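Residue strings, one per chain:
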Amino acid sequence: MIRVLLADDQHLVREALAALLGLEPDLEVVGQVSRGDEVAPAVTALRPDVVLLDIEMPGRDGLTVAADLTGVRVIILTTFGRPGYLRRAMDAGVAGYVVKDARAGELADAVRRVHAGGRVFDRRLAAASVSTGANPLTGRERDVLRAATEGGTVADIARRLHLSDGTVRNYLSSAIGKLGARNRAEAARAAEAKGWL
């Protein structure tokens with residue numbers, strides 16, 4: 001049996017996935033969590049072979065969680081078919097990236113292939129990721145743009161991130177320039193659309 005842990009904050013989706021995977025004779029869903037910060041303790045306690053992670057969850061996002069997991073194969077299962085997310089997932093060492101509009105049989109097959117040591121990535125997304133190119137933003141530029149999407153002044157962002165106002169302005173200016181945007185809102189939208197935030 002292939003032991004699977006599901007991590008998704010949407011209860012209905014998570015339970016439906018558990019029911020579908022539970023119909024497969026060689027797959028066993030050994031646990032379900034709804035928060036990113038619950039994944040590592042569940043992996044330690046339940047010892048799954050494969051973890052299916054959503055990207056956006058409370059506590060910690062799936063991409064950050066994936067980068068920290070060792071000794072377990074990870075598949076990102078998400079509604080976000082953005083090329084930048086795929087690239088970030090690959091950088092985090094995941095073995096698969098499946099968009100939630102895939103058929104149940106495709107997901108079960110992906111779990112089997114990843115468990116066997118293979119890698120499974122959505123072909124259309126992989127092609128788009130290559131054509132989009134690498135994320136030009138540094139980690140700090142991403143942090144500042146992400147904080148800018150929450151609103152507030154430069155001083156508010158600086159306080160939230162424990163930076164000086166001037167440093168925030170510099171990061172925003174750099175990100176805006178790299179993305180060819182006119183302002184921070186446009187830069188944040190462009191980066192989010194590509195999955196770079």
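Calculation rules
Residues numbered from 1 in each chain as written. Predicted model: local features only at pLDDT ≥ 70, side-chain atom pairs only at ≥ 80, totals over all residues. Heavy atoms only, no water. Helix = DSSP H or I, 4+ residues; strand = E, 2+ residues; numbered from the N terminus. Rg over C-alpha atoms; globule rule 2.2 N^0.38 Å. Buried < 20%, exposed > 50% of the residue type's maximum accessible area, 1.4 Å probe, protein only. Contact = heavy atoms within 4.5 Å. Lys, Arg positive; Asp, Glu negative; His and termini not counted. Charge placed at Lys NZ, Arg CZ, Asp CG, Glu CD. Arc of directions from axis to C-beta.

A few points about the overall build of the chain
And step 1. Looking only at helices and strands, the chain has 10 helices and 6 strands in total.
And step 2. For a compact globule of 197 residues, the expected C-alpha radius of gyration is about 16 Å, and the chain comes in at 18 Å, within 12% of that figure.
And step 3. C-alpha extents for the chain along the principal axes are approximately 60 × 35 × 30 Å.
And step 4. The buried share of the chain, reckoned over its 197 residues, is 42%.
And step 5. Taking the intrachain contacts of the chain between residues at least 6 apart in sequence as the baseline, contacts between residues at least 24 apart amount to 59%.
And step 6. The centroid of the 27 positive side-chain charges in the chain is displaced by 6 Å from the centroid of its 25 negative side-chain charges.

Comments concerning helix α2 (residues 39-46)
And step 1. Looking at α2, one finds that the buried residues are V39, A42 and V43. Take α2 and look down its axis: the buried residues cluster within an arc of 100°, on one side only. Of the residues in α2, the exposed ones pointing more than 90 degrees away from the buried face are T44 and A45.
And step 2. For α2, the elements touching its buried residues are β1 (2-7), β2 (27-33), β3 (50-53) and α3 (62-68).
And step 3. Of the residues one or two after α2, R47 is the one with positive phi, at around 50°.

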